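Descriptive structure summary
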Amino acid sequence: MSTAIESLVNREYQYGFVTDVDSDVVPPGLSEEVIRTISAKKNEPEWLLDWRLKAYRRWLTMKEPHWPNVQYEPIDYQAVSYYSAPKSVKPLQSLDEVDPELLRTYEKLGISLTEQKMLSGVAVDAIFDSVSVGTTMRDELAKHGVIFCSFGEAVREHPELVKKYLGSVVPYSDNFFAALNSAVFSDGSFCYVPKGVKCPMELSTYFRINSADTGQFERTLIIADEAATVSYLEGCTAPKRSTNQLHAAVVELVALEGATVKYSTVQNWYAGDENGVGGIYNFVTKRGKCAGANSKISWTQVETGSAITWKYPSVILQGDNSVGEFYSVAVVNNRQQADTGTKMIHIGKNTKSTIVSKGISAGYGQNSYRGKVQVLPKADGARNYTQCDSMLIGNRCGAHTFPYIEVENNTATVEHEASTSKIGEDQIFYCKQRGLSAEQAVSMIVSGFCREVFQELPMEFAVEAQQLLGITLEGSVG
Amino acid sequence: MLDIQSLRAGIAEREILKGIDLVVNPGEVHAVMGPNGSGKSTLAQVLAGNPAYEVLGGSVTYKGEDLLELEPEERAQRGIFLAFQYPVEIPGVTNAYFLRSALNEVRKARGQEEIDPLEFLDLVEERMKLVEMDPAMLNRSVNTGFSGGEKKRNEILQMAVLEPSLAILDETDSGLDIDALRIVAEGVNRLKRPDNATIVVTHYQRLLNYIVPDYVHVLAGGRIVRSGGKELALELEERGYDWVLDAA
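Residues numbered from 1 in each chain as written. Chains lettered and ligands numbered in written order. Predicted model: local features only at pLDDT ≥ 70, side-chain atom pairs only at ≥ 80, totals over all residues.

**Concerning the sheet that holds strand β11 (residues 215-220) of chain B**
All names here are of chain B.
- The 6 strands are arranged β6-β9-β10-β3-β11-β12 in an open sheet whose pairing can be described as mixed. The open sheet is flanked by β6 (80-83) and β12 (223-228), the only strands paired with a single partner. Geometrically, the sheet is characterised by an average inter-axis angle of 20° between neighbouring strands, direction not taken into account.
- Looking at chain direction, strand β3 (residues 29-33) and strand β10 (residues 197-202) are connected through 5 bridges and run parallel. Residue Met33 lies in a different strand from β10, and its bridge partner there is Thr202. (Pairing = 2+ DSSP bridges. Helix = DSSP H or I, 4+ residues; strand = E, 2+ residues; numbered from the N terminus. Axes fitted to C-alpha atoms, helices over the stretch in contact; angles between N-to-C directions.)

**Regarding the packing of helix α2 (residues 46-60) of chain A against helix α7 (residues 176-184) of chain A**
All names here are of chain A.
- Between α2 and α7, the shortest axis-to-axis distance is 7 Å and the interhelical angle comes to 145°. Crossing of α2 over α7 shows left-handed handedness. Touching Arg52, Ala55, Tyr56, Arg58 and Trp59 of α2 are Phe176, Ala179, Leu180, Ser182 and Ala183, all from α7.
- Across the contact of α2 with α7, the residue classes break down as 7 nonpolar, 1 polar and 2 charged. (Left-handed = near helix turned anticlockwise from the far one by under 90°. Contact = placed C-beta atoms within 7 Å. Nonpolar A, V, L, I, M, F, W, Y, C, P; charged D, E, K, R; others polar.)

**Quick notes on the nonpolar core**
- In this structure, A:Ala224, A:Val230, A:Ala255 and B:Ile168 are the most contacted members of the largest nonpolar core, which totals 189 residues.
- Those residues in contact with B:Ile168, other than ones at most four positions away along the chain, are B:Ala44, B:Leu47, B:Ala48, B:Phe81, B:Leu82, B:Ala83, B:Ile199 and B:Val201. (Core = buried A, V, L, I, M, F, W, Y, C linked by C-beta atoms within 7 Å. Buried ≥ 20, exposed ≤ 12 C-beta atoms within 10 Å, placed from the backbone.)

**A short note on the interface of chain B and chain A**
- Contacts between the two partners involve 21 residues from chain B, matched on the other side by 20 residues from chain A.
- Of all the secondary structure elements, the ones that give two or more residues to the side of chain B that touches chain A are α2 (72-77), β7 (90-94) and α3 (95-109) of chain B.
- Taken together, the residues of the side of chain B that touches chain A sort by class into 13 nonpolar, 6 polar and 2 charged.

Here it is, written out as structure tokens:
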């Protein structure tokens, strides 16, 4: 590739700083004892501890999956610390009590937790390592009956809801990483939108890993009751460290009859350096269940960070006429590897799913789309449309597609389209001839490629995602 | 404005331009003609700075600066515009966004403020009339799925918005029917000003019925073998290129 396509990827990761706070860290290692310790630290009820222990025992019988198209050194699960919390975090009466150092951290990340400075329209739950440091806009949300709080709080304040829905979409036995998460999860966000309520603002969780050698195992549970609507955003960053860190989260979404849940992620975990040293292992299970008729769950993700991404946000289309959507942009650069996609399981009649996946590979990055569309025997009239496009920048990267289609009902319609393209020198020269720089040209071409996905993002995120993409690819064009 | 001296250039170690001399002054229209493979498009690409071509010798001075030292975008920002023979498609990027970004870069280089989006819309819609383009084209992806004629008109629209000092039209007439040719040519003519210049690269004389050149140059084997006034184009039309080549 010419000069134009080699130098746009390598700008410094700007969220790579470390916050100096005193942390309460559980020593590395995993055992029933550690799980009891975590549970005790959180003053959890007996039923939850039992659930964790069941998950742990199940996990011991499971093997780490090796079918993804990624390569990494074996993970020593005994070398990971499963709990880290800034010492200053106690149950807070208000956000004014949050450690100023933590507030500054989030300011640096562009997230303001202080109410007076906050942009209207977005409520934020900030998760720092293993705990939630604060949730904003709660009073406003409470007026509408919307519950938005940390997972720990939900366990204390709304145990009936947690008990009813925890593990209802992703059971602890689901897979290796989900079982691990179920055993050791520390915090996360919880949201419940009551019947008929349209959540008045965007909800957002901002995840930050700070401590070294600590895994982050958060759990998010979002329930939209009948005819409720909620839009949820998730952002993630981590310091630059030369060791790999494990992030094994679980997200469960439940949409009851007529409800709509829209979940958007801009994932920018530290990706490791240009030689593939360090970075986050992002092994995440995300799944939504359209439990009721006419419900809808929509996943939109922009994945630019992490050394390795293993993630398949999925939808179980149980209710008749329910709708599942998956819009994804996954970017890999340098030595990053991503194996990501979705599963759409059609159970109910006239269920409909749409998958739009855009994979961008630069440097030595390897990007795999893995998707499964399953139509069960009773899903009369089920429809799926899948579009899977890959773009290559340079000639040392790779794009792979693994679509699985299983149809057991002959009234179903399943379509799959795929394409692979390369950013052409001719495109870049054309843009330059009109006065644009190579960086602008690539960012414009890539944004154009991702347009169908960006259109699905909430406004604030769309701009961020577009900028992030430009930064991530900077240096891949020279 | 433009002073080309002994310019030699090639692609993939093959020398195509073997010593070009050409001077273009403000207000002039130059036609560069010649048979296929004579180096016409190479000249256009080299002036625009296409990195696929290598300059092997000679010099090009543009408004007192060494043009060959400038990046393609710097040349564009200083007022050089190439209307591509094969305009490139950019899926997902709207024409409006592309053009406004380009205009803002050019304006920045001229020390002007970025254009307000509404003001831009007024400007572009006015210029679209010049090339008889439907404003709906603004929301379509750059050149994506455009017909040959639409692509060429889109090039002239970009030129009309960017208002270059030196426009180079590379085979703009190729693939155009007679109506489209007339529209494109009229667009070019209306953009003509005493302080800008145009180089029209073409194989056929027919475009020159609409865009009347002050000078005609015949390129063959990488050299300008004959220069003259507009009547030279007519003579070429009548007698073919062999006549000049034999004479050279």
